[in-house]
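Structural overview
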Amino acid sequence: MVRINLLLLAVLIVCALSLVTSRHQARKLVGDLAREQARAHAYDVEYGQLQLEQSTWSMPARVEKIARTELRMQLPGPGRVEMLPPRASEVAP
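Please read all numbers here as calculations on a predicted model, not as lab measurements.

**Considering the overall build of the protein**
Within the protein one finds two helices and zero strands. Taken along the three principal axes of its C-alpha coordinates, the protein extends 110 × 40 × 15 Å. Within the span of the protein, comprising 93 residues, buried residues form 1% of the whole. Carbon and sulfur atoms form 65% of the exposed surface of the protein, whose accessible area is close to 9400 Å². For the protein, the distance from the average site of its 12 positive side-chain charges to the average site of its 9 negative ones is 11 Å.

**Focus on the pattern of salt bridges**
All told, the structure shown has three salt bridges when counted by the stated rule. Residues Arg68 and Glu64 are paired through a salt bridge, measuring 2.9 Å at the closest nitrogen-oxygen approach. Remark: Glu64 and Arg68 occur in helix H2 (residues 60-69); sequence separation between them is four residues, near one turn of the helix.

**With respect to a nonpolar patch on the surface**
Where nonpolar side chains cluster on the molecular surface, the patch consists of Val2, Leu6, Leu9, Leu12, Ile13 and Leu17 and spans about 600 Å² of accessible area. Mapping Leu17 onto the fold places it in helix H1 (residues 2-57). Accessibility expressed as a relative area gives 54% for Leu17, which makes it exposed.

**Some words on the environment of Ala88**
Relative to the assigned elements, Ala88 resides in the segment after H2. Owing to a relative accessible area of 73%, Ala88 belongs among the exposed residues under this scheme. Measuring from C-alpha to C-alpha, the distance between Ala88 and Cys15 comes to 76 Å, with 73 residues separating the pair along the chain.

**Some thoughts on unusual backbone geometry**
The phi angle at Arg72 is positive, at roughly 55°, despite the residue not being glycine. On the secondary structure map, Arg72 appears in the segment after H2.

Cut-offs and rules
Residues numbered from 1 in each chain as written. Predicted model: local features only at pLDDT ≥ 70, side-chain atom pairs only at ≥ 80, totals over all residues. Heavy atoms only, no water. Helix = DSSP H or I, 4+ residues; strand = E, 2+ residues; numbered from the N terminus. Buried < 20%, exposed > 50% of the residue type's maximum accessible area, 1.4 Å probe, protein only. Areas by Shrake-Rupley, 256 points an atom, 1.4 Å probe, with all protein chains shown as cover. Lys, Arg positive; Asp, Glu negative; His and termini not counted. Charge placed at Lys NZ, Arg CZ, Asp CG, Glu CD. Salt bridge = Lys/Arg side-chain N within 4 Å of Asp/Glu carboxyl O. Patch = residues over 30% accessible without salt bridge, like charges linked within 9 Å, V, L, I, M, F, W, Y side chains within 5 Å.

Keep in mind these numbers describe shape, not what the thing actually does.
Structural data, given as structure tokens:
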């Protein structure tokens, strides 16, 4: 009878320790998940800001202004423009 009681006590202690360990691990994983979700949200916000910045930098009016002022570029005159016929691979069937 004493052996059975000691065996049951050992099983009880092992179960209690495994319960404490699994709860600790679950709490740790919940904290990690919250931290990673916050990081993902921060990346989403930064991505939105970068898209806005890219659209601002690539506005045609801004590009044309820089081409005219800093690079001293000009639109070609009508006599310098050539129209090329489309390739056969570019023509829709």
